[in-house]
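# Results of the structural survey
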Amino acid sequence: MLVRMQAELLYFALSIAAGALAALLGSGMKWLHRRKRLAVWLGLLDLLYWFLFGFSLFLLCFYQNSGIFRGYAVAGTLCGYSLFRIGEGLCRRDGGWQRRKRRSIRKQKRRKGQQEPEEKGQEK
(Lines give C-alpha, C1' and ligand atoms only; values in the text may rest on other atoms or scores of the structure.)
Protein backbone atom coordinates (compact mmCIF):
# COMPACT_ATOMS: atom_id res chain seq x y z
CA MET A 1 0.00 0.00 0.00
CA LEU A 2 2.79 2.41 0.83
CA VAL A 3 4.52 1.85 -2.52
CA ARG A 4 1.30 2.59 -4.39
CA MET A 5 0.79 5.76 -2.36
CA GLN A 6 4.31 6.93 -3.18
CA ALA A 7 3.65 6.27 -6.87
CA GLU A 8 0.47 8.38 -6.73
CA LEU A 9 2.30 11.20 -4.92
CA LEU A 10 5.02 11.11 -7.57
CA TYR A 11 2.30 11.28 -10.24
CA PHE A 12 0.80 14.32 -8.52
CA ALA A 13 4.21 16.03 -8.19
CA LEU A 14 4.99 15.37 -11.84
CA SER A 15 1.63 16.82 -12.85
CA ILE A 16 2.44 19.98 -10.84
CA ALA A 17 5.80 20.18 -12.62
CA ALA A 18 4.06 19.69 -15.98
CA GLY A 19 1.68 22.56 -15.19
CA ALA A 20 4.56 24.84 -14.23
CA LEU A 21 6.43 23.92 -17.40
CA ALA A 22 3.32 24.64 -19.46
CA ALA A 23 3.02 28.07 -17.81
CA LEU A 24 6.69 28.76 -18.54
CA LEU A 25 6.26 27.87 -22.19
CA GLY A 26 3.01 29.86 -22.26
CA SER A 27 4.90 32.93 -21.03
CA GLY A 28 7.35 32.51 -23.86
CA MET A 29 4.47 32.18 -26.28
CA LYS A 30 2.93 35.38 -24.95
CA TRP A 31 6.26 37.15 -25.42
CA LEU A 32 6.46 35.89 -29.01
CA HIS A 33 2.94 37.09 -29.68
CA ARG A 34 3.94 40.59 -28.59
CA ARG A 35 7.11 40.57 -30.73
CA LYS A 36 6.00 38.87 -33.93
CA ARG A 37 3.04 39.81 -36.07
CA LEU A 38 2.82 36.94 -38.57
CA ALA A 39 -0.49 35.34 -37.68
CA VAL A 40 0.11 32.15 -39.69
CA TRP A 41 3.35 31.31 -37.88
CA LEU A 42 1.92 32.24 -34.49
CA GLY A 43 -1.08 30.02 -35.14
CA LEU A 44 1.15 27.10 -36.04
CA LEU A 45 3.27 27.74 -32.96
CA ASP A 46 0.15 27.77 -30.77
CA LEU A 47 -1.00 24.52 -32.34
CA LEU A 48 2.40 22.95 -31.70
CA TYR A 49 2.34 24.18 -28.08
CA TRP A 50 -1.06 22.64 -27.35
CA PHE A 51 -0.16 19.42 -29.15
CA LEU A 52 3.05 19.00 -27.18
CA PHE A 53 1.40 19.93 -23.89
CA GLY A 54 -1.46 17.49 -24.42
CA PHE A 55 0.88 14.75 -25.59
CA SER A 56 3.15 15.22 -22.57
CA LEU A 57 0.19 14.94 -20.19
CA PHE A 58 -0.96 11.83 -22.03
CA LEU A 59 2.49 10.27 -21.69
CA LEU A 60 2.62 11.20 -18.01
CA CYS A 61 -0.75 9.54 -17.45
CA PHE A 62 0.18 6.51 -19.52
CA TYR A 63 3.53 5.76 -17.93
CA GLN A 64 2.90 6.80 -14.34
CA ASN A 65 -0.61 5.48 -13.85
CA SER A 66 -1.09 2.75 -16.48
CA GLY A 67 -3.28 5.04 -18.57
CA ILE A 68 -5.86 5.67 -15.85
CA PHE A 69 -6.93 9.29 -15.87
CA ARG A 70 -7.11 10.79 -12.38
CA GLY A 71 -8.78 14.02 -11.31
CA TYR A 72 -5.98 14.95 -8.95
CA ALA A 73 -3.55 14.94 -11.90
CA VAL A 74 -5.67 17.64 -13.54
CA ALA A 75 -5.82 19.50 -10.22
CA GLY A 76 -2.02 19.21 -9.91
CA THR A 77 -1.52 20.55 -13.42
CA LEU A 78 -3.82 23.51 -12.74
CA CYS A 79 -2.11 24.08 -9.40
CA GLY A 80 1.35 24.11 -11.00
CA TYR A 81 0.17 26.45 -13.74
CA SER A 82 -1.45 28.82 -11.22
CA LEU A 83 1.52 28.84 -8.87
CA PHE A 84 3.88 29.70 -11.71
CA ARG A 85 1.65 32.54 -12.94
CA ILE A 86 1.27 33.96 -9.42
CA GLY A 87 5.03 33.75 -8.85
CA GLU A 88 5.66 35.39 -12.19
CA GLY A 89 3.32 38.25 -11.29
CA LEU A 90 5.02 38.78 -7.95
CA CYS A 91 8.48 38.90 -9.52
CA ARG A 92 7.66 41.65 -12.02
CA ARG A 93 8.98 45.15 -11.46
CA ASP A 94 5.54 46.71 -11.50
CA GLY A 95 4.11 44.26 -8.97
CA GLY A 96 2.21 42.24 -11.53
CA TRP A 97 -0.03 45.05 -12.67
CA GLN A 98 -0.08 46.08 -16.29
CA ARG A 99 1.25 49.54 -16.87
CA ARG A 100 -1.00 51.95 -18.70
CA LYS A 101 0.11 53.25 -22.02
CA ARG A 102 1.23 56.87 -22.04
CA ARG A 103 -1.12 57.69 -24.86
CA SER A 104 -4.20 56.72 -22.82
CA ILE A 105 -2.99 58.78 -19.84
CA ARG A 106 -2.55 61.85 -22.05
CA LYS A 107 -6.02 61.40 -23.50
CA GLN A 108 -7.51 61.22 -20.02
CA LYS A 109 -5.68 64.41 -18.99
CA ARG A 110 -7.03 66.19 -22.04
CA ARG A 111 -10.55 65.02 -21.30
CA LYS A 112 -10.30 66.16 -17.70
CA GLY A 113 -8.92 69.52 -18.81
CA GLN A 114 -11.80 69.98 -21.24
CA GLN A 115 -14.46 69.01 -18.71
CA GLU A 116 -13.29 71.30 -15.92
CA PRO A 117 -13.90 74.65 -17.72
CA GLU A 118 -17.40 73.52 -18.71
CA GLU A 119 -18.26 72.70 -15.12
CA LYS A 120 -16.88 76.06 -13.94
CA GLY A 121 -18.94 77.88 -16.53
CA GLN A 122 -22.11 76.15 -15.37
CA GLU A 123 -21.51 77.10 -11.75
CA LYS A 124 -21.31 80.85 -12.50
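Structure's up top.
Residues numbered from 1 in each chain as written. Predicted model: local features only at pLDDT ≥ 70, side-chain atom pairs only at ≥ 80, totals over all residues. Heavy atoms only, no water.

With that settled, consider the packing of helix α1 (residues 2–35) against helix α2 (residues 39–65). Running from N to C, α1 and α2 point in directions that differ by 175°, and their axes come no closer than 10 Å. Accordingly, the angle class assigned to the pair α1 and α2 is roughly antiparallel. For the contact of α1 with α2, a count of residues per class yields 16 nonpolar, 5 polar and 3 charged. (Axes fitted to C-alpha atoms, helices over the stretch in contact; angles between N-to-C directions. Helix = DSSP H or I, 4+ residues; strand = E, 2+ residues; numbered from the N terminus. Parallel < 35°, antiparallel > 145°, perpendicular 65-115°, else oblique. Nonpolar A, V, L, I, M, F, W, Y, C, P; charged D, E, K, R; others polar.)

Counting across every chain of the model gives 9 aromatic pairs. Ring centres of Phe 12 and Tyr 72 lie 6.4 Å apart, and the angle between their planes is 55°; this geometry places the pair in the tilted category. One end of the pair, Phe 12, is in helix α1; the other, Tyr 72, is in helix α3 (residues 71–91), with 60 residues separating them in the sequence. With a relative accessible area of 29%, Tyr 72 lands in the partly exposed category. For the ring pair Phe 51 and Phe 55, a centre distance of 6.0 Å and an interplane angle of 10° mean the geometry is stacked. Note that Phe 51 and Phe 55 are positioned in helix α2 at a spacing of 4 residues, about one turn of the helix. (Phe/Tyr/Trp six-rings, centres within 6.5 Å; stacked < 30°, edge-to-face > 60°. Buried < 20%, exposed > 50% of the residue type's maximum accessible area, 1.4 Å probe, protein only.)

We now examine α3. Taking 1.5 Å of rise per residue, 21 residues should cover 30 Å, and α3 covers 30 Å from first to last C-alpha, within 8% of that figure. Taken as a whole, α3 has its buried residues at Ala 73, Gly 76, Thr 77, Gly 80 and Gly 89. Residues of α3 that are buried in the fold lie against α1 and α2. (Expected span 1.5 Å × (residues − 1). Contact = heavy atoms within 4.5 Å.)

Here the focus is a positive patch on the surface. Together, Lys 30, Arg 34, Arg 35 and Arg 92 make up a positively charged patch on the protein surface. With respect to the helices, strands and loops of the structure, Arg 92 is situated in the loop between α3 and α4 (102–123). (Patch = residues over 30% accessible without salt bridge, like charges linked within 9 Å, V, L, I, M, F, W, Y side chains within 5 Å. Areas by Shrake-Rupley, 256 points an atom, 1.4 Å probe, with all protein chains shown as cover. Salt bridge = Lys/Arg side-chain N within 4 Å of Asp/Glu carboxyl O. Lys, Arg positive; Asp, Glu negative; His and termini not counted. Charge placed at Lys NZ, Arg CZ, Asp CG, Glu CD.)

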